[in-house]
Amino acid sequence: MTQRDTSGTQRSCEEPSVYTPRRYLMCPPAYFAVTYSINPWMDPAKPVDLPLAVAQWERLRDTYRALGHTVEELVPDPELPDMVYAANGALVVDGRVLGARFAHPERTREAAVHREWYRERGFTEVREPEHVNEGEGDFAVTASWLLAGRGFRSSPLSHPEAQEFFGRPVIGLDLVDPRFYHLDTALCVLDDTRDDAVMYYPQAFSPGSRAVLARLFPDAITAGEDDARAFGLNAVSDGLHVLLPQAAVGLFEPLRERGYEPVGVDLGELLKGGGSVKCCTAELRG
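On a predicted model such as this, the values are computed, not experimentally measured, just so you know.

## Thoughts on the overall build of the protein
The number of helices and strands found in the protein is seven helices and 17 strands. Taking 2.2 N^0.38 as the reference for a compact globule, 286 residues should give roughly 19 Å; the C-alpha atoms of the protein span a radius of gyration of 17 Å, in line with that estimate. With 286 residues in all, the protein has 56% of them scored as buried. By sequence separation, contacts in the protein at least 24 residues apart represent 70% of the contacts at least 6 residues apart. Accessible area for the protein stands at about 11,200 Å²; split by element, carbon and sulfur atoms hold 52% of it. Computed over 29 positive and 43 negative side-chain charges, the separation of the two mean positions in the protein equals 2 Å.

This is the structure in structure tokens:
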């Protein structure tokens, strides 16, 4: 098997992957709760074990730091229980920040909190968007493109807005299964520097979008139903280590075969809100 890099050449899947330390933004789940339902995973009748949620989140944060990454923390707001899903607050590429505009009123106020955090830390290009997008929930950065989900949350109009702001080509992808309501629940970028390696769940996408993914990523890892339902695609890769839910057992060996090191984590309490590793992790690029 081979993987493509951005120059069009091929590299062996057995070639060791490399990575450089990343910067991430996370928000402690101090006030996490499921008191409303805005996706199929949320059931207010199923209570959250908050101490367990905090412990699971802390293990994820500490794992990043143990791997050499920097984790900055956003101060949680007691009136915003979904702030733990920090990836939804913005998209950062080359030091430029496209803020979020949430689809549901329950999360609307999170957007301003994120924009203010970036401005206070010296990001000079922070844009409040005109159209609905939910940050890295529906935008994924590869070496060559911005992949952009639509169908349940983000507006198709957010795609040209992102392309104009970042100056990167945007590839729109239609999501068709409400369980996979954000792109980051159905697709994970594995390498955003040397090549365009991804893994994804084909059935989450429309037939046309599946064809696009197959054309762009012919050597991608494709997940089955069980691993997708375990939120195995809601993962974070630094180019070598892939942090993903430990229940997505079917993805571990394919990742090893491609030269990655899967790191299983348990975020079962956070899954009650419809999120896992990636939802809790925003990347600060540039």
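## So, the sheet that holds strand S16 (residues 261-265)
In space, the three strands of this open sheet follow the order S14-S15-S16, with mixed pairing throughout. The sheet is open, and its two edges are formed by strand S14 (236-237) and S16, each paired on a single side. As judged from the five bridges shared by strand S15 (residues 241-245) and S16, these two strands associate in the parallel manner. Paired with Leu-243 across the strands is Val-263, a residue of S16. Sheet strands in contact with helix H1 (residues 50-66) are S14, S15 and S16, and its direction is about 175° off that of S15.

## Quick word on the packing of aromatic side chains
For any two aromatic rings, the description comes down to two numbers: the centre-to-centre distance and the angle of the planes. Going through the model one piece at a time under the given rule, you end up with nine aromatic pairs. Between Phe-32 and Tyr-85, the ring centres sit 6.0 Å apart and the planes meet at 85°, which makes this aromatic pair edge-to-face. Linking Phe-32 in the loop between strand S3 (23-26) and H1 with Tyr-85 in the loop between strand S4 (70-73) and strand S5 (90-93), this pair joins segments that are 53 residues apart in sequence. Plain terms: the ring middles of Tyr-118 and Phe-123 are 5.2 Å apart, the flat faces sit at 85° to each other, and that makes the pair edge-to-face. Each member of the pair, Tyr-118 as well as Phe-123, carries the same accessibility label: buried. Over the aromatic face of Phe-165 sits the side chain of Arg-96, whose NZ or CZ is 4.2 Å from the ring centroid.

## Some details on the nonpolar core
Within soluble globular proteins, side chains that are nonpolar generally end up buried alongside one another. With 36 residues, the main nonpolar core has Leu-147, Leu-187, Leu-190, Met-199, Phe-205, Leu-251 and Leu-255 as its most contacted residues. When contributions to this core are tallied by element, the ones reaching two or more residues are strand S10 (170-174), strand S11 (187-189), strand S12 (198-200), S15 and helix H6 (252-257). When sequence neighbours within four positions are dropped, the list of residues in contact with Leu-147 reads Asp-138, Phe-139, Ala-140, Thr-142, Ile-171, Leu-173, Leu-183, Leu-187 and Phe-217. Among the nonpolar cores identified, the runner-up in size contains 23 residues, and Tyr-36, Leu-67, Leu-243 and Leu-267 belong to it.

Reading the values: rules and limits
- Residues numbered from 1 in each chain as written.
- Predicted model: local features only at pLDDT ≥ 70, side-chain atom pairs only at ≥ 80, totals over all residues.
- Heavy atoms only, no water.
- Helix = DSSP H or I, 4+ residues; strand = E, 2+ residues; numbered from the N terminus.
- Rg over C-alpha atoms; globule rule 2.2 N^0.38 Å.
- Buried < 20%, exposed > 50% of the residue type's maximum accessible area, 1.4 Å probe, protein only.
- Contact = heavy atoms within 4.5 Å.
- Areas by Shrake-Rupley, 256 points an atom, 1.4 Å probe, with all protein chains shown as cover.
- Lys, Arg positive; Asp, Glu negative; His and termini not counted.
- Charge placed at Lys NZ, Arg CZ, Asp CG, Glu CD.
- Pairing = 2+ DSSP bridges.
- Axes fitted to C-alpha atoms, helices over the stretch in contact; angles between N-to-C directions.
- Phe/Tyr/Trp six-rings, centres within 6.5 Å; stacked < 30°, edge-to-face > 60°.
- Lys NZ or Arg CZ within 6 Å of the ring centre and 35° of its normal.
- Core = buried A, V, L, I, M, F, W, Y, C linked by side-chain atoms within 4.5 Å.

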